[in-house]
Amino acid sequence: MTVYGSFPGARPRRLRTTPAMRRLVAETRLHPADLILPAFVREGISEPVAISAMPGVYQHTLDTLRKAAAEAVEAGVSGIMLFGVPTDEKKDAAGTTGTDPDGILQVALRAVREEVGDDLVVMSDLCLDEFTDHGHCGVLDSEGRVDNDATLERYAEMAQVQADAGAHVVGPSGMMDGQIGVVRDALDGIGREDVAILAYTAKYSSAFYGPFREAVGSSLKGDRKTYQQDPANRRESMRELALDLEEGADMVMVKPAGPYLDILADVAREVDVPVAAYQISGEYSMVEAAAEKGWIERERAILETLTGIKRAGAQMILTYWAVEAARLLR
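Please read all numbers here as calculations on a predicted model, not as lab measurements.

Procedures and definitions
Residue numbering note: each chain is counted from 1, following its sequence as written. Residues qualify for local features only when their pLDDT is at least 70, as the model is predicted, and side-chain atom pairs are given and counted only at 80 or more; totals for whole chains, interfaces and linings, by contrast, use all residues. Hydrogens and waters are ignored; side-chain quantities use all the structure's heavy atoms. Put simply, DSSP marks the helices as runs of H or I at least four residues long and the strands as runs of E at least two long, and each gets a number from the N terminus on. Just to be clear, the radius of gyration here is over C-alpha atoms, and the globule rule we use is 2.2 Å times residues to the power 0.38. Here's how the labels work: a residue is buried when its accessible area is under 20% of the maximum for its type, exposed when over 50%, partly exposed in between, all with a 1.4 Å probe on protein chains only. Contacts between residues were defined by any pair of non-hydrogen atoms, one from each residue, lying within 4.5 Å. Surface accessibility in these figures is a Shrake-Rupley result with a 1.4 Å probe; residues are shielded only by whichever protein chains are displayed. Patches here: salt-bridge-free residues with over 30% relative accessible area, like charges joined within 9 Å, nonpolar side chains (Val, Leu, Ile, Met, Phe, Trp, Tyr) joined within 5 Å. One speaks of a salt bridge when a side-chain nitrogen belonging to Lys or Arg is within 4 Å of a carboxyl oxygen belonging to Asp or Glu. Neither His nor the chain ends contribute to the count of charged residues, in which Lys and Arg are positive and Asp and Glu negative. In plain terms, the charge of a residue is placed at NZ if it is Lys, CZ if Arg, CG if Asp and CD if Glu. Nitrogen and oxygen atoms within 3.5 Å of one another constitute a polar contact, given that in protein one can donate a hydrogen and the other can accept it, and given that sequence-neighbouring residues count only through two side-chain atoms. Among the buried residues, those of types Ala, Val, Leu, Ile, Met, Phe, Trp, Tyr and Cys that are joined through side-chain atoms within 4.5 Å form a nonpolar core. In a helix, the anticipated span is given by 1.5 Å times the number of residues less one. Working definition: the arc comes from the directions between the helix axis and the C-beta atoms, pointing outward to the latter.

Turning our attention to the overall build of the chain. Broken down by element type, the chain carries eleven helices and ten strands. Against the globule reference of 20 Å for 330 residues, the chain gives a C-alpha radius of gyration of 21 Å, in line with a compact fold. Seen along its three principal axes, the alpha-carbon backbone of the chain occupies a region of about 90 × 45 × 40 Å. In the chain, which comprises 330 residues, the share counted as buried stands at 51%. When contacts within the chain are restricted to residue pairs at least 6 apart in sequence, those whose partners lie at least 24 apart make up 75%. Counting every atom, the chain has about 15,400 Å² of accessible surface; 50% of that belongs to carbon and sulfur.

Within the secondary structure layout, Ser205 lies in the loop between strand E7 (196-203) and helix H6 (210-215). Among all residues touching Ser205, those that are not within four sequence positions of it are Arg224, Lys225, Gln228, Gln229 and Pro231.

All right, on to the environment of Lys255 then. Along the chain, the position of Lys255 falls in strand E8 (residues 251-255). Lys255 sits 24 residues away from Gln279 along the chain, and the two C-alpha atoms are 7.2 Å apart. In this structure, Lys255 is in contact with Tyr200, Ala202, Lys203, Tyr204, Tyr209, Tyr278 and Ile280, ignoring residues within four places of it in sequence.

Side chains of Arg11, Arg13, Arg14 and Arg16 sit close together on the surface and give a patch of like positive charge. Position of Arg13 relative to the elements: it lies in the segment before helix H1 (19-24). Judged by relative accessible area, Arg13 falls into the exposed class, the value being 67%.

As enumerated under the stated definition, the model contains 21 salt bridges in all. For Arg224, the salt bridge is made with Asp129, and the minimal N-O distance between the two is 3.6 Å. Here Arg224, found in the loop between H6 and helix H7 (235-247), pairs with Asp129, found in the loop between strand E5 (121-126) and helix H4 (148-165); they are 95 residues apart in sequence, far enough to count as distant. For Arg224, a relative accessible area of 6% gives the class buried. For Arg234, the salt bridge goes to Asp266, with nearest N and O atoms at 2.6 Å. With a gap of 32 residues between them, Arg234 in the loop between H6 and H7 and Asp266 in helix H8 (residues 261-270) connect regions that are remote in the sequence.

Relative to the helices and strands, Thr319 resides in the loop between strand E10 (316-318) and helix H11 (322-329). Within the structure, the side chain of Thr319 is placed 3.2 Å from the backbone nitrogen of Trp321, a separation counted as a polar contact. Once residues lying within four places of it in the same chain are set aside, the contact partners of Thr319 are Leu35, Ile36, Leu37, Pro38, Gln279 and Leu306.

One finds Phe40, Ile80, Leu82, Tyr155 and Tyr278 to be the most contacted residues of the largest nonpolar core, which totals 97 residues. If sequence neighbours within four positions are ignored, Leu82 has contacts with Ala39, Leu65, Leu105, Ala108, Leu109, Val112, Val122, Met123, Ser124 and Asp125.

Let's shift gears to a nonpolar patch on the surface. On the surface, Leu15, Leu24 and Val25 cluster together into a nonpolar patch covering about 280 Å² of accessible area. Here Leu24 lies in helix H1. Judged by its relative accessible area of 64%, Leu24 is exposed.

Attention now moves to H7. Spanning 13 residues, H7 covers 19 Å between terminal C-alpha atoms, matching the ideal 18 Å at 1.5 Å per step. Those residues of H7 that sit buried are Ser237, Glu240, Leu241 and Asp244. Buried residues in H7, looked at end-on, bunch into an arc of 105 degrees, giving them a common side. Pointing more than 90 degrees away from the buried face of H7 are the exposed residues Arg235, Arg239 and Glu246. Structurally, H7 contributes buried residues whose contacts are with helix H5 (179-189), E7, E8 and H8. Gly248 sits one or two residues past H7 and shows a positive phi near 115 degrees.

Take the environment of Gly171 next. Tracing the backbone through its elements, the reader meets Gly171 in strand E6 (residues 169-172). Sequence spacing of Gly171 and Ala199 is 28 residues, and the spatial spacing of their C-alpha atoms is 5.9 Å. Setting aside its immediate chain neighbours within four residues, Gly171 contacts Ser124, Asp125, Leu126, Leu198 and Tyr200.

The values are spatial; any link to function lies outside them.
What follows is the structure, given as structure tokens:
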């Protein structure tokens, strides 16, 4: 006589028996099209410069940036986010090279659009920190504080020159109050209703930005705690989200990704616009450093971190592994 219902009655392991079975029942699928490559282009260099704190990442020349963009297209990556690194002598208190049509970021935007056209979504970082001699994301008042409304005027100018240079998407990243509305008005005012805005909706004041500061040659004095979000706060991100959507954001983002998966999940549940997350420099460098020590399996760790970010709700992920991860997935 056959006896049914023996303990244990439920055996979830049946759906983990083979790679094919696990693939069949996977709840989250990471795809190359989910990925966006952040890339740095530096003025005044003839060869790429390795970023010591980010093994495998470089400050590009215009020529190598073109090549990186073409490789991203070939790998199936959807976008590239450009950051400009001017020479130190071109930095000033107002970050004027950031709005110069011939500034390094605008030159890079034109070069990438010439190389890949519309085969890649070309995005531009819309912020002053790379271009100011004090390293802050805005202009300073007489007491050395970031002047929110004066900074918005500069962001409006930046949006227009970046759109003229070929950006499909601008990414205001300075966490100034009202930045999305001002940028939208500035773009619409020059007839560029076609340029989308990726809002850095929840950008936290994080310890994990350190390697990025080397990547952009930051001149930061002090910190950004008066405008970036406090890591202790969760509900505040929902307020920022509501404001960005009201002001016209087309897409929203959480940054950093890994330490803020709860925020990412909150945002993803609330919206009907695309949600992005930025796996930032410190997240990248920790994995690379541990892998170099032989403490973790590098490729597995890369894909696991990216899968976790997507599982939490990101439809788009900015990651320095974008091209490599895309090739692994394919």
